[in-house]
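# Structure assessment
Given next are the chains, with one letter for each unit.
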Amino acid sequence: MSHEDCIFCKIIDQELPSAKVYEDEHVYAFLDLSQVTKGHTLVIPKTHTKDIYNTSDDVAAELFARVPKIARAIKETYKPDGINLLNNNEKAAGQAVFHYHIHILPRYGTADGFQPSWVTHEDDYTQQDLQQIAAEINKHI
Ligand code: 5GP
Ligand code: ZN
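Here is a short report on the structure shown in this document. Quick caveat: nothing in here was measured; it's all calculated off a predicted structure. (Residues numbered from 1 in each chain as written. Chains lettered and ligands numbered in written order. Predicted model: local features only at pLDDT ≥ 70, side-chain atom pairs only at ≥ 80, totals over all residues. Heavy atoms only, no water.)

## Here's the deal with the coordination of the zinc ion (ligand 2)
Cut-off, in case you're wondering: Water is not among the atoms examined, so metal sites may look incomplete; donors are the N, O and S atoms within 2.8 Å of the metal, or within 3.2 Å for Na, K and Ca. Just to be clear on the cut-offs, tetrahedral is four donors with all angles between 85 and 135 degrees, square planar is four donors and octahedral six with opposite donors over 155 degrees apart and all others between 65 and 115, and anything else goes down as irregular. Every helix listed is a DSSP run of H or I at least four residues long, and every strand listed is a run of E at least two residues long, numbered separately from the N terminus.
On the protein side, the zinc ion (ligand 2) has Cys 6 (SG), Cys 9 (SG), His 48 (ND1) and His 99 (ND1) as donor atoms, found 2.0 to 2.3 Å from it. Coordination at the zinc ion (ligand 2) comes from four donor atoms whose angles at the metal span 105 to 115 degrees, giving a geometry best classed as tetrahedral. Donor residues binding the zinc ion (ligand 2) come from one chain and are separated in sequence as C-x2-C-x38-H-x50-H. With Cys 6 in the segment before helix H1 (7-12) and His 48 in the loop between strand E3 (41-45) and helix H2 (57-78), this pair connects stretches of sequence that are 42 residues apart.

## A short note on the sheet that holds strand E4 (residues 82-86)
Remark on secondary structure: sheet strands pair via backbone hydrogen bonds, oriented parallel or antiparallel. To keep it simple, the criterion reads: Pairing between two strands is assigned when DSSP locates at least 2 bridges connecting them. Axis lines are fitted to C-alpha atoms, over the contacting stretch for helices. Their N-to-C directions set the angle, which ranges from 0 to 180 degrees.
The five strands lie next to each other as E1-E2-E3-E5-E4, forming an open sheet whose pairing is antiparallel. Every other strand in the sheet has two partners, leaving strand E1 (20-23) and E4 as the edge strands with one partner each. Across the sheet, the axes of successive neighbouring strands diverge by a mean angle of 20 degrees, strand direction being ignored. Where strand E2 (residues 27-31) meets E3, five bridges bridge the pair, whose relative direction is antiparallel. Directly across from Val 27, in E3, lies its bridge partner Pro 45.

## Section: the site of ligand 1
In plain terms, the rule: Nearness is defined per residue: one heavy atom within 4 Å of the molecule or strand is enough. Polar contact is defined as a pair of N or O atoms within 3.5 Å, subject to the rule that within protein one atom must be able to donate a hydrogen and the other to accept it, and that residues adjacent in sequence are counted only when both atoms are side-chain atoms. Reported accessibility uses the Shrake-Rupley method at a 1.4 Å probe radius. Residues are deemed covered only where the shown protein chains occlude them. Gly counts as polar in this scheme, as do all residues outside two lists: the nonpolar Ala, Val, Leu, Ile, Met, Phe, Trp, Tyr, Cys and Pro, and the charged Asp, Glu, Lys and Arg.
Surveying the vicinity of ligand 1 reveals 16 residues, the closest of which are Asp 32, Gly 94, Ala 96, His 101 and His 103. Residue Leu 31 places a main-chain N or O atom 2.9 Å away from a nitrogen atom belonging to ligand 1. Measuring from a nitrogen atom of ligand 1, one finds a backbone N or O atom of Leu 33 at 3.4 Å. Here ligand 1 has 530 Å² of accessible area as a free molecule, and 80% of this is covered by the chains. For the shell around ligand 1, the elements supplying multiple residues, two or more each, are H1 and E2. Sorting elements by how many residues they give to the shell around ligand 1 places H1 first, with three residues. For the shell around ligand 1, the per-class residue count stands at nine nonpolar, six polar and one charged.

So this is what it looks like as structure tokens:
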């Protein structure tokens, strides 16, 4: 089901050009224009879905099931040192295109253009704190 004014739906429908890496009934994968690293690929569901919150179990199952084989193909092709998967949800988290997508980012050395960094806080949480947080989240599942 394509969505008016969505650039990724237009790419799936071939109304906009893309460098296609893989396609089947449920999934489309193509090179990200920005090529943060060589082979940087986006994997998207053919069903328009805005973000992780709006993605059904079925759409997610089809989508995620394709990621390992595409990652393996990138690994085989360019022999990156590693691969990161990234999925941004909502503007605050860096989402710019509101058609759900998973970035596959091959990694080459330490200065390859992608710099994930996070600050760890394990000293600030006791085991009891962690149990409480886990239980709070679990209540909403
Ligand atoms: P987000 O920030 O939403 O996670 O990522 C959106 C990504 O889509 C960006 O990395 C951007 O480079 C890519 N992008 C945006 N427009 C196009 C386009 O028309 N074609 C392709 N191939 N990639 C696009
Ligand atoms: Zn779309």
